[in-house]
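# Structural features, examined
One-letter residues, chain by chain:
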Amino acid sequence: QVQLVESGGGLVQPGGSLRLSCAASGSIFSINAMAWYRQVPGKEREFVAGIGSGGSIIYTDSVKGRFTISRDNAQNTMYLQMNSLKPEDTAVYYCNAGITTPRGYDTYWGQGTHVTVSS
């Protein structure tokens, strides 16, 4: 069984920074692409940033230049460094990963971590 656990969310003032982490655990053979999504009440979950197993990276336009995604393959962990935060970044942030286990390949979601940007 695989678990993705996010951490690092919280309340921060506009212009501040937060670092989110997503740790994968369980019977993992390999992790393919990993990504961060976010969701606000009443809206669909939206893609924020993604990173491939080889390190290729993509961001949604609204976070380019402010957010940095990275991963530590040895620790099965992904990070999202969020700088220059804006009130519109307020959301629940979820991590997503494509993981191969003894049962095969599947995609997994974490439980989410709340980020609130407010003065």
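Here the structure is shown first, and the text comes after it.
Now for a description of the structure that goes with this document. A quick note: this is a predicted structure, and the numbers were derived from the prediction, not measured. (Residues numbered from 1 in each chain as written. Predicted model: local features only at pLDDT ≥ 70, side-chain atom pairs only at ≥ 80, totals over all residues. Heavy atoms only, no water.)

## Focus on the side chain of Arg38
Mapping Arg38 onto the fold places it in strand 4 (residues 30-39). A polar side-chain atom of Arg38 sits 2.6 Å from a polar atom in the side chain of Glu46. Within the structure, the side chain of Arg38 is placed 3.0 Å from the side chain of Asp89, a separation counted as a polar contact. Setting aside its immediate chain neighbours within four residues, Arg38 contacts Glu44, Arg45, Glu46, Val48, Ser62, Val63, Phe67, Glu88, Asp89, Ala91, Val92 and Tyr93. (Helix = DSSP H or I, 4+ residues; strand = E, 2+ residues; numbered from the N terminus. Polar contact = N/O pair within 3.5 Å; in protein donor to acceptor, adjacent residues only side chain to side chain. Contact = heavy atoms within 4.5 Å.)

## Remarks on the pattern of salt bridges
A full pass over the atoms with the stated rule returns four salt bridges. Lys64 serves as the salt-bridge partner of Asp61, at 2.9 Å between the closest nitrogen and oxygen. When its relative accessible area of 59% is taken as the criterion, Asp61 is described as exposed. Judged by its relative accessible area of 48%, Lys64 is partly exposed. Across the pair Arg66 and Asp89 runs a salt bridge, and its minimum N-O distance is 2.7 Å. Note that Arg66 is positioned in the loop between strand 6 (57-59) and strand 7 (67-72) and Asp89 in the loop between strand 8 (77-82) and strand 9 (91-101), a separation of 23 residues in sequence. Arg66 gets classed as buried once you look at its relative accessible area, which sits at 10%. One network of salt bridges, in which partners are shared, links Arg38, Glu46, Arg66 and Asp89. (Salt bridge = Lys/Arg side-chain N within 4 Å of Asp/Glu carboxyl O. Buried < 20%, exposed > 50% of the residue type's maximum accessible area, 1.4 Å probe, protein only.)

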